[in-house]
Every structure is written in structure tokens, then in C-alpha cells.
Amino acid sequence: MSDLAARLHGLVEALYPLPRSITGDGVRRTLDLLGADLPIERTEVRSGTTVLDWQVPDEWVLREAWIEGPDGRRGVDVADHNLHVVGYSRPVDATLDRAALDAHLHSLPDRPDLIPYRTSYWADAWGFCLPHRQRAALPDGDYRVRIDAELVPGSLTLGEVHVPGASEDVVLVSTHTCHPSLANDNCSGMAVAAELARRLLAADDLRLSYRIVFCPATIGAITWLAVRPEVVARVRHGVVLAGLGDPGPLTWKRSQRGNAAVDRAAAMVLPRHDAGARLLDFSPYGYDERQYCSPGFDLPVGRLSRQVHGTYPEYHTSADTPAFVDADRLAAAADAAWDLLMAIDADRTFRNLAPHGEPQLGRRGLYDTLGARPHPGDLQMAMLWVLNQSDGTRSLLDIAERSGLAPAHLADVAGILADHGLLEETRSMEETR
């Protein structure tokens, strides 16, 4: 296991037990942990604040939740597992018979040994989750149920890392922070986002600026869109990170636009990291890409994951533990995400300053002096592609698509050619779209 793999998996293990929801101290403790070595800026948005078509909810404070059976023993207790209580359950302290209790129980008959993850954010309801095998074995009799919780005016917590570049144009990296005791969904996304933030902060000469956003799913992304209009207006590319440590192949879900620069870059970068990488068309169901891609914003934001949510048996169950997350695959996802960001950051448009015929590269020390070889080397071939295609309208991403060469390789070559006075940068890629 590499140092990167060990570090990322260790972060997943540390994040896993925290009792997160869409509001509350679980999210704040999560940002405390992530912010131990990152400059995470927090924004608290008060309960009742109107955010687009929604309102920030009251804060859910949970102290205990359990079911006591006829024998006086607590067979279901949130102290044993965060998933045992339905998220945002209202308080209850009552004695119910077996049939009345069953109406408030949730289990998975097809996966009888797993606890499901269920929430009730926007309804006045309560409930417990347990393995179906345990539910089916509950005897008749009276059960005492207690959920010591309250909904109180508080706030929703957003976390952001801002990494400025030469341009104010923004690349958005977003991941959700609300799921309790689910390692792949989405401690893996938080771990990879934190790794990208560390690398970006250490990078030199970034062309674009970056916002790494840690927010609760749905309402968090909606809140961020509502309270950051000045940043939203500058978003040129975006990536949602989720489910990156499972056994599946790297998967890119395209933005609503379908052919945004980030979609095209992903189509070139991901297969270089995973021969089985998949490209999926956009749909309005999924993670927070659906908020960023909503028609009123239509941001060019896609999603990087592995297996698609809801298609693997561990999804939203107690089987989604740190043991389910493969450390090496998590590290591979981080490296692929980094290369995707760097392909976007390097994408520029150049004009060939010696466009009439091929410029003499040899006298500039840029060409192999031994002639008559059957094929030029990779460096020389990249130079020829960049010189031939750089007419002031084609970006490096365009050239990469046509040549099949790696965007990062072309960016390095373009820099060499520019240093030798053969290219000049014209317009940014965004301005040519």
C-alpha cells in the first residue's frame, strides 16, 4: 500500500464514525477533522433562511435513540450504530405493541443482515432501522421506544477551501458531508476532495482558481448556490466527488451540457488511469451535480465516482464500512481526479508565430538531429501537432482529442514552444467556447 493510499484510507476511517446529518455538530466535527491541515472557511447559514426554493431547516440535535424489548433489553440502539435511527426523527417516548412498532421499522428483506440508511428530513416522522433478520424475530409484546431529539433554530454549515490562481475563473470541486457511518458514500469523496485541496495549495502557477466545497447533500449545494452568487457566476468547470473507493471502474457522469470542457477532458484522462473507465450521459437524478446543472445555473459540472449509487448491495447500508473501501482504488481515484483538474488548468489556446511551413526546430535545439528515422519521438510528435493545430482558435484540449496525446503532455510542449518564441497564447479556452 502506498503512502497516499494509507493516508486517504486513514482519513476515511477517522471520518466514518462521526454522527453526521444535514445540520449539526456532526458536520462541524467533520470539518474540524478535515481542517486539521486545510484552511477550511466555514459559513453558517441560519435556520429559516430562504435559499432558492427551499428554506434552511432547523438543526437536528440527537442525544439517544433506542428500542427496549419485552425482556427489558435494548436490541436497537443508536449508540451501537449511527444508522439505527431514521435521520431527523422527531422525539418520541412511548410504549407500543409489536404491530404498532412495526410501522416505524425499516429493513431490507433482500439483504437481511444489513442495516439500511433512511432519513426523514422534510416530514414529521420517526423511525428505526435494523437488520431484517432481527426485525422478523421480534416477539410479540410491549416495546418501549425512545428518541431523545429536538429540532431547534440553528444553522447549516458549509466548508470551503479557496485556492486562487492567475484567473478569477473558478473550478468547483464539491463533495457531500451529511452521511453518517457510510464509508464509500461519502467519506471517500471527502478524503479525495481534501487530497486535491492539499495538492492545489502546494501547486505553483495555477491558471484557474479553485473552490473545494464540503456541503450537505442537496440542501447544502442549494444553499451554496444561493449564498455564493459572485463565485457561481465565475464557475467554468466543476467536479462532484462521490463513491470513489469501491471495486467498480472509474465512472464519469457528464454535465447537463454533455460536451463541456470538463466532460471532454474526463473522456481523455480517465481511460489513461483505468482501461475500463465508463462515461455516462447526464440524468437529473444523482448527487449534487443535479443542483449545479439545474437550468437556472447550467454549470458545466460532472460527477466522478466508481459504481453508480444504488447499483451495489453495500450502498446506503451498514455494509458500507471502511473495510469496503479499497485504499489503492481510493488513491487511484485521487490521482485521476488530479490529472483531470490539471488537464483543465492547462487548457489554453495558442497561435503559431511561424505558421508558413514547419519552423526549423533543429536550430532551436528542439528536434532530433539524426534524420531519416521512420517515426519522430513522442516529444517531437507533440510539437508537430501543437504547431500544426495552433491557429488561434483550437485549444490544447481540441488538439489532444484529435491527436490522442495526453493533455498534460501537450501543455508541457506548448510551454517549450512558447519559450522559444514559436507560440503566443491568445484567448483562454473559456472565451473560445
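For clarity, every value in this text was computed on a predicted model and none was experimentally measured. (Residues numbered from 1 in each chain as written. Predicted model: local features only at pLDDT ≥ 70, side-chain atom pairs only at ≥ 80, totals over all residues. Heavy atoms only, no water.)

Colleague: Tell me what's going on with the overall build of the chain, and back it up with residues and numbers.
Modeller: When you go through the chain residue by residue, the secondary structure sums to 14 helices and 19 strands. Along the first, second and third principal axes, the C-alpha set of the chain runs to 90 × 45 × 35 Å. The contacts of the chain with a sequence gap of at least 6 include a subset with a gap of at least 24, amounting to 81%. (Helix = DSSP H or I, 4+ residues; strand = E, 2+ residues; numbered from the N terminus. Contact = heavy atoms within 4.5 Å.)

Colleague: Which residues make up unusual backbone geometry, and what values go with them?
Modeller: With omega at 15°, the peptide bond leading from Asp185 into Asn186 counts as cis. Examined against the element boundaries, Asn186 turns out to sit in helix H5 (residues 183-202). Of note, the phi angle at Tyr88 is positive, near 70°, even though the residue is not glycine. Following the sequence through the fold, Tyr88 ends up in the loop between strand S5 (74-77) and strand S6 (92-97). The buried category is assigned to Tyr88, whose relative accessible area is 3%. Of note, Ser181 is a non-glycine position whose phi angle comes to about 50°, a positive value. Summarising the element assignment, Ser181 is placed in the loop between strand S11 (170-176) and H5. For Ser181, a relative accessible area of 4% translates into the label buried. (Buried < 20%, exposed > 50% of the residue type's maximum accessible area, 1.4 Å probe, protein only.)

Colleague: Quick rundown of the nonpolar core? Include the residues and the values.
Modeller: Formed by 78 residues in total, the largest nonpolar core has its most connected members in Tyr210, Ile212 and Leu417. No other element matches the 14 residues that helix H10 (residues 327-346) contributes to this core. Among residues more than four places away in sequence, those in contact with Ile212 are Gly159, Glu160, Val161, Val163, Val173, Ala193, Ala197 and Leu200. Of all hydrophobic cores here, the second largest spans 55 residues; its members include Leu83, Val85, Leu105 and Tyr292. (Core = buried A, V, L, I, M, F, W, Y, C linked by side-chain atoms within 4.5 Å.)

Colleague: Report on the packing of H5 against H10, specifying residues and quantitative values.
Modeller: The contact between H5 and H10 brings their axes to 10 Å, and the two run at 45°. In terms of orientation, H5 lies oblique with respect to H10. Crossing handedness for the pair H5 and H10: right-handed. On H10, the residues touching Ser188, Val192, Glu195, Leu196, Arg199 and Leu200 of H5 are Leu330, Ala334, Asp335, Ala337, Trp338, Leu341 and Met342. Of the residues assigned to the contact of H5 with H10, the class counts are nine nonpolar, one polar and three charged. (Axes fitted to C-alpha atoms, helices over the stretch in contact; angles between N-to-C directions. Parallel < 35°, antiparallel > 145°, perpendicular 65-115°, else oblique. Left-handed = near helix turned anticlockwise from the far one by under 90°. Nonpolar A, V, L, I, M, F, W, Y, C, P; charged D, E, K, R; others polar.)

Colleague: If you had to explain the sheet that holds strand S4 (residues 59-68) to someone new, which residues and values would you point to?
Modeller: Pairing within the open sheet is antiparallel, and its four strands lie in the order S5-S4-S9-S6. Of all the strands in the sheet, just S5 and S6 have a single pairing partner and so form its edges. Recorded for the sheet is a direction-independent mean angle of 15° between the axes of neighbouring strands. Pairing of S4 with strand S9 (residues 142-152), which is carried by nine bridges, proceeds in the antiparallel orientation. Within S9, the position partnered with Glu59 by the bridge is Val152. (Pairing = 2+ DSSP bridges.)

Colleague: Please provide a residue-by-residue account of empty space enclosed by the protein, values included.
Modeller: Leftover empty space is mapped by rolling, across the atoms, a probe with the size of a water molecule. For the structure shown, the criterion picks out one cavity of 30 Å³ or more. Taken as a whole, the largest cavity encloses approximately 40 Å³ of empty space. Taken together, Ala242, Gly243, Tyr287, Arg303, Ser305, Gln307, Val308, His309 and Tyr312 make up the full set of residues lining the largest cavity. When grouped by side-chain class, the residues that make up the lining of the largest cavity number four nonpolar, four polar and one charged. (1 Å grid on protein atoms, 1.4 Å probe; cavity = no way out; pocket = protein on both sides within 12 Å on 5 of 7 lines; lining within 4 Å. Points joined across faces, edges and corners; volume = space filled by probe spheres on them.)

Colleague: How would you sum up the sheet that holds strand S14 (residues 251-253)? Please name residues and give values.
Modeller: A sheet is described by the order of its strands in space; here eight strands give the open sequence S1-S10-S12-S11-S13-S16-S14-S15, paired in mixed fashion. Looking at strand neighbours, the two that pair on one side only are strand S1 (41-46) and strand S15 (278-280), the edges of this open sheet. Averaged over all pairs of adjacent strands, the angle between strand axes in this sheet comes to 20°, irrespective of strand direction. Sheet analysis places strand S13 (residues 235-241) next to strand S16 (residues 301-305), joined by four bridges and oriented parallel. Looking at the pairing, Val239 lines up with Gly302 of S16. Strand contacts of helix H2 (residues 25-34): S1, strand S10 (155-163) and strand S12 (209-215), with the helix running at about 20° to S10, the strand carrying the most contacts. Strand contacts of helix H8 (residues 261-273): S13, S14, S15 and S16, with the helix running at about 165° to S14, the strand carrying the most contacts.

Colleague: Outline the packing of aromatic side chains, listing residues and values.
Modeller: Enumeration over the complete set of coordinates arrives at seven aromatic pairs. Here Trp224 and Tyr292 contribute two aromatic rings whose centre-to-centre distance is 6.2 Å and whose plane-to-plane angle is 85°, an arrangement assigned as edge-to-face. Placement of Trp224 in helix H6 (residues 219-227) and of Tyr292 in helix H9 (residues 289-292) is noted, with a sequence separation of 68 residues between them. Here the two residues Trp224 and Tyr292 agree in accessibility, since each one is buried. Arranged with centres 5.7 Å apart and planes meeting at 75°, the rings of Tyr312 and Tyr315 form a pair that is edge-to-face. (Phe/Tyr/Trp six-rings, centres within 6.5 Å; stacked < 30°, edge-to-face > 60°.)

Colleague: Lay out H6 in plain terms, naming residues and giving numbers.
Modeller: With seven of nine residues buried, H6 lies mostly within the body of the structure. Buried residues of H6: Ile219, Gly220, Ala221, Ile222, Thr223, Trp224 and Leu225, and no others.

Colleague: Lay out the confidence of the model for the chain with the relevant residues and their values.
Modeller: Per-chain confidence: the chain averages 94 in pLDDT, with 96% of residues scoring 70 or above. Note that residues 369-375 has pLDDT below 50 and, in this model, two contacts with residues that lie over four places away or in other chains. Between residues 429-433, whose pLDDT stays under 50, and residues either more than four places distant or in other chains, the model counts 16 contacts. (pLDDT = per-residue confidence, 0-100.)

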